[in-house]
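Spelled out from the first residue to the last, the chains are:
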Amino acid sequence: MDSKKKNLTVCILFGLLLAVAFLACLFLPKEATSDSERRKLAAMPAFTLDTVLSGRFMSGFETYTQDHFPFRDQFRTLKALSATGLFHRQDNNGIYVSDGFAAAVEYPLNESSLDRAAGRFQYLYDKYLNGSNRVFLSVIPDKNCFLARESGHLSMDYAQLESLMAQKVGFADYISISDLLERDDYYRTDTHWRQERITDVAERLAQAMGGTLTQNYEESVLERDFYGVYCGQSPSPWPPSPSTISSTMPSGTARCMITRTTEPERCTTWSVPWERTPMKSSSPVLCL
């Protein structure tokens, strides 16, 4: 095949690729949300003279096409595979897996964020409370705090974070719980801690606030594998093993009902300790 025919073949194949991608973007069904990323996908921007002249249409359309590109989740998995396997990056989208646990890199310490949080707490205290009210503050360290050092990742100084927050929120009594927590107290693929593992934390919080806890608990186990938020945010082809969700509730709570009455004409009731909310997702929603 001579050079002219070869170049023509390449141009035709490239044109066909563009045409197929364009038609797929145009006619394939569009999802409103991404279950794996747990977020809303961009909607098609309004096509008006004002949005075109201001540039908002093109910027919005660019985001829309990125969110609705055909086989987007498969390409995200390919990107994760190439980033970690081919280029030997330690994380993908700021999320890494170490010893079967997925965690996000939380670094560096953002003191301006602490200032904003403390400012909002102070606003609520000044508006709704006074000196006769006892207020308590406790910082829950992220799972990265217990994984970063051994896995070679960066982590903020949580001792400094606790000290700064205790100083900035001076009206609150600080309750430290970091010494009671460890890696296994968190779900493998999620940010949250495991309820059945933190009874010692609950006891310390209750004692510091002048309360007592019942020792009579009933544990309910959800008969379904739990893949947390990190599985979708970092679409690794080799995700950590799923976890099992357990709910620890005081005895007798299972006979209670929770009713939402924010809309008088529509009342929604759940059984305690939980009920799976109907939704198209790989993870259950807990109504506690």
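What counts, and where the lines are drawn
- Residues numbered from 1 in each chain as written.
- Predicted model: local features only at pLDDT ≥ 70, side-chain atom pairs only at ≥ 80, totals over all residues.
- Heavy atoms only, no water.
- Helix = DSSP H or I, 4+ residues; strand = E, 2+ residues; numbered from the N terminus.
- Buried < 20%, exposed > 50% of the residue type's maximum accessible area, 1.4 Å probe, protein only.
- Contact = heavy atoms within 4.5 Å.
- Areas by Shrake-Rupley, 256 points an atom, 1.4 Å probe, with all protein chains shown as cover.
- Pairing = 2+ DSSP bridges.
- Core = buried A, V, L, I, M, F, W, Y, C linked by side-chain atoms within 4.5 Å.
- Salt bridge = Lys/Arg side-chain N within 4 Å of Asp/Glu carboxyl O.
- Phe/Tyr/Trp six-rings, centres within 6.5 Å; stacked < 30°, edge-to-face > 60°.
- Lys NZ or Arg CZ within 6 Å of the ring centre and 35° of its normal.
- Expected span 1.5 Å × (residues − 1).
- Arc of directions from axis to C-beta.
- pLDDT = per-residue confidence, 0-100.

1. Here's the deal with the overall build of the protein chain
Assigned secondary structure in the protein chain consists of 9 helices and 10 strands. Here the protein chain holds 288 residues, and the buried ones make up 29% of them. Counted over contacts in the protein chain with a minimum sequence separation of 6, partners at least 24 positions apart contribute 65%. In the structure as shown, the protein chain presents an accessible area of about 18,900 Å², 57% of it carried by carbon and sulfur atoms.

2. A few points about the side chain of H68
Looking at the element boundaries, H68 is found in the loop between α3 (56-67) and α4 (72-86). When near neighbours in sequence (up to four residues on either side) are disregarded, H68 contacts K30, E31, L41 and A42.

3. Let's talk about the pairing of strand β8 (residues 243-250)
If a strand is regular, its side chains alternate between the two faces of the sheet. Burial of β8 is extensive: 6 of the 8 residues sit out of reach of the surface. When strand β7 (residues 217-226) meets β8, the two strands line up antiparallel, connected through 7 bridges. Paired with S220 across the two strands is S247, which belongs to β8.

4. Considerations on the nonpolar core
With 13 residues, the main nonpolar core has L114, L137, L161, M165, V169 and A172 as its most contacted residues. If you list the elements that add at least two residues to this core, you get α5 (111-128) and α7 (158-168). Here this core takes 4 residues from α7, the largest share from any one element. Each residue touching A172, except ones within four places of it in the same chain, is listed here: V135, F136 and L137. Among the nonpolar cores identified, the runner-up in size contains 6 residues, and I175, I177, L181 and I198 belong to it.

5. Structural notes on the pattern of salt bridges
Within this structure, the stated rule accounts for 14 salt bridges. The salt bridge involving D115 is made with K168; its shortest N-O contact spans 2.5 Å. Taken together, the residues span a long stretch of sequence, with D115 in helix α5 and K168 in helix α7 at a distance of 53 residues. Under the relative-accessibility criterion, D115 is labelled partly exposed at 40%. Here D173 and R134 are joined by a salt bridge, their closest N and O atoms 3.4 Å apart. Within this pair, whereas D173 is found in strand β6 (residues 173-174), its partner R134 is found in the loop between α5 and β5 (136-137), the two being separated by 39 residues in sequence.

6. Considerations on the packing of aromatic side chains
Under the defined criterion, the tally for this structure stands at 7 aromatic pairs. Taken together, a centroid distance of 4.3 Å and an interplanar angle of 20° make the contact between Y125 and F171 stacked. Taken together, the residues span a long stretch of sequence, with Y125 in helix α5 and F171 in the loop between α7 and β6 at a distance of 46 residues. Taking 5.2 Å as the distance between ring centres and 70° as the angle between the ring planes, the aromatic pair formed by Y187 and F226 counts as edge-to-face. Residue Y187 is located in the loop between β6 and α8 (199-208), and its partner F226 is located in strand β7; the two are separated by 39 residues in the primary sequence. One exposure class covers both Y187 and F226, and it is buried. One aromatic cluster is present, formed by F47, F57, F61 and Y64 through successive ring pairs. When the ring centre of Y123 is taken as origin, the NZ or CZ atom of R120, which lies over that ring, is 4.8 Å away. A cation over a ring is seen here: R188 above F101, with NZ or CZ 4.8 Å from the ring centre.

7. A closer look at α3
When the terminal C-alpha atoms of α3 are compared, their 17 Å separation across 12 residues agrees well with the 16 Å that a helix rising 1.5 Å per residue should span. Along α3, the residues classified as buried are F57, Y64 and D67. Along the axis of α3, the buried residues cluster in a sector spanning 95°; they form a single face. The secondary structure elements touched by the buried residues of α3 are β2 (39-40), α2 (49-54) and α4.

8. Some details on the confidence of the model for the protein chain
Averaged over every residue, the pLDDT of the protein chain is 82; the share at 70 or more is 84%. Here residues 272-288 scores under 50 on pLDDT; set against residues more than four positions off or in separate chains, the count is 50 contacts.

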